[in-house]
Amino acid sequence: MHPDNNQQASGAPRRHFSANAELRSPLRYPGGKRQLVPFFVDLLKLNDQSPLDLFIEPFAGGGAVSLHLLAAGLVERAVLADLDPLVYAFWHQACFKTEQLVADIAAADVTLKEWHRLRANPGKTIREKAYACLFLNRTSYSGILQGRAGPIGGQKQQSKYKIDCRFYKDEIIHRLRQIGQLAAEGRIAAVRRTDVHTTVRWIEENHSQSRRLYYFDPPFWEKGERLYRKAFGRPQHERLAKLLINLEAPWVLSYDYHDEIIELYRTSASAEGQASSGLVPAGAPRLHTTDLVYCNRHERRGATELIITNLSNVPHDYINGT
Ligand SMILES: C[S@@+](CC[C@H](N)C(=O)[O-])C[C@H]1O[C@@H](n2cnc3c(N)ncnc32)[C@H](O)[C@@H]1O
């Protein structure tokens, strides 16, 4: 297997973290979903899905939800996939070449000069790209790796907050080693640099016997192109809707809230003959698993998160109308 493509961990003996263990992502991710962790914990319990064999994040980004569920022992193994080669490289190194990445972070020269060097050329090898990803993520405004997002503290470094203010080496290294330990225990089933459609196909071909849950967190409906190096236009959002409507395995989708997304899933569902009456109001009895069962809003720091899932039960605390 080519190292720049996919990587699977060996089946080392499992050793679980304690139920309250915390594992925070080393990446500060725009749209990172750490706030949704309590929702997932309740969702898994309510649907009798924990412990789950496999949790799949086809839009991994910072992988906040996977890391927490793994550390808490609520899922056995996770698959992390992201189309962005820098993000993929980061996960590959963090999981399978942890000490290399640790050494690179320990030796990092956290300066504006290094920031410019890496923005101009993140490197060619996986090792270089992983380091560039983590460095730029922790030194750029809001963790954004691209576009006009500048270094923390600005180009003149006149702000009270300088470029290194979020580069806590010891803490980053600690988190990297926690991830390395999970991978060494065989709990990172795979890290992939693949498009969401390829990831789903691969999982359904290779892991269809696993008790699994997909968590799709695609690029934002609005402004996604400002935040991610790999963003989505309307056709990609539509293609994703079609994929999900036809996916029988359990899945959860989260989006920045827009009525057009609900409309898209409603029309896609009826076009595919999956849900004649469209989205079912929260609290309604369960239909078939392939129907869209719930669509609910989850308030998050003033922003509204849209969650759509084909699971039959959604914890009531999180339902805020449809
Ligand atoms: C909203 S972010 C995910 C954030 C993540 N849930 C977290 O908690 O940090 C979306 C991610 O999808 C990735 N992406 C964009 N297009 C993709 C595609 N077609 N297939 C897979 N990943 C893609 C982006 O690189 C970005 O990392």
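Calculation notes
- Residues numbered from 1 in each chain as written.
- Predicted model: local features only at pLDDT ≥ 70, side-chain atom pairs only at ≥ 80, totals over all residues.
- Heavy atoms only, no water.
- Near = heavy atom within 4 Å.
- Polar contact = N/O pair within 3.5 Å; in protein donor to acceptor, adjacent residues only side chain to side chain.
- Areas by Shrake-Rupley, 256 points an atom, 1.4 Å probe, with all protein chains shown as cover.
- Nonpolar A, V, L, I, M, F, W, Y, C, P; charged D, E, K, R; others polar.
- Buried < 20%, exposed > 50% of the residue type's maximum accessible area, 1.4 Å probe, protein only.
- Helix = DSSP H or I, 4+ residues; strand = E, 2+ residues; numbered from the N terminus.
- Pairing = 2+ DSSP bridges.
- Right-handed = clockwise from strand over helix to strand, strands pointing away.
- Expected span 1.5 Å × (residues − 1).
- Contact = heavy atoms within 4.5 Å.
- Phe/Tyr/Trp six-rings, centres within 6.5 Å; stacked < 30°, edge-to-face > 60°.
- Lys NZ or Arg CZ within 6 Å of the ring centre and 35° of its normal.

> Explanation requested: the site of the ligand in the structure shown.
Residues in close proximity to the ligand total 23 residues, the closest being Tyr 29, Gly 62, Asp 82, Asp 195 and Asp 217. Lys 33 is positioned such that a nitrogen or oxygen atom in its backbone is 2.9 Å from an oxygen atom of the ligand. Separating a nitrogen atom of the ligand from a backbone N or O atom of Val 196 is a distance of 3.1 Å. In the complex, the protein chains occlude 98% of the 610 Å² of accessible area that the ligand would expose alone. Classifying every residue of the shell around the ligand gives 11 nonpolar, five polar and seven charged.

> Looking at this structure, I do not really get the pairing of strand β4 (residues 188-192). What am I missing?
Across a regular strand the side chains alternate sides, sitting on one face of the sheet and then on the other. Within β4, five of the five residues are buried, leaving the element largely enclosed by the surrounding structure. Pairing of strand β3 (residues 75-81) with β4, which is carried by four bridges, proceeds in the parallel orientation. Across the sheet, Leu 80 pairs through a bridge with Val 191, a residue of β4.

> Help me understand the pairing of β3 in this model?
Across the seven residues that make up β3, a large majority, five, are buried. Inspection of the sheet shows strand β2 (residues 52-57) paired to β3 by five bridges, in the parallel sense. Within the sheet, the bridge partner assigned to Ile 56 lies in β3 and is Val 79. This β-α-β element, β2 to helix α2 (residues 64-71) to β3, shows right-handed connectivity.

> Before we go on, may I ask you to explain helix α7 (residues 169-184) in this structure?
A turn of α-helix holds 3.6 residues, and therefore any two residues three or four places apart point the same way. When the terminal C-alpha atoms of α7 are compared, their 22 Å separation across 16 residues agrees well with the 22 Å that a helix rising 1.5 Å per residue should span. Among the residues of α7, Ile 172, Ile 173, Arg 175, Leu 176, Gln 178, Ile 179, Gly 180, Leu 182 and Ala 183 are the ones counted as buried. Those residues of α7 that are buried are in contact with α2, α3 (85-96), α4 (98-106), α6 (126-139) and β4. At the C-terminal side of α7, Gly 186 shows a positive phi close to 80 degrees.

> How should I be thinking about the packing of aromatic side chains in this particular structure?
One pair of aromatic rings is described through two measures. These are the centre distance and the angle between the planes. As enumerated under the stated definition, the model contains 11 aromatic pairs in all. When the centroid spacing of 6.4 Å and the interplanar angle of 35 degrees are considered together, the rings of Phe 55 and Tyr 215 count as tilted. Placement of Phe 55 in strand β2 and of Tyr 215 in strand β5 (residues 212-216) is noted, with a sequence separation of 160 residues between them. Looking at Phe 55, the relative accessible area reads 0%, which means it is buried. Overall, Tyr 215 belongs to the buried group, its relative accessible area being 1%. Note on Phe 59 and Phe 232: the rings are 5.7 Å apart at their centroids and 80 degrees apart in plane angle, and the pair reads as edge-to-face. Pair noted here: Phe 59 is in the loop between β2 and α2 and Phe 232 is in the loop between α9 (224-227) and α10 (234-245), with a separation of 173 residues, a long-range link. Exposure class is identical for Phe 59 and Phe 232. Each is buried. A network of ring pairs unites the aromatic residues Phe 39, Phe 40, Phe 55 and Tyr 215 as a single cluster. Over the face of the ring belonging to Trp 202 we find Arg 192, whose NZ or CZ atom lies 4.1 Å from the ring centre. Positioned above the aromatic ring of Tyr 88 is the side chain of Arg 193, whose terminal nitrogen or guanidinium carbon lies 6.0 Å from the ring centre.

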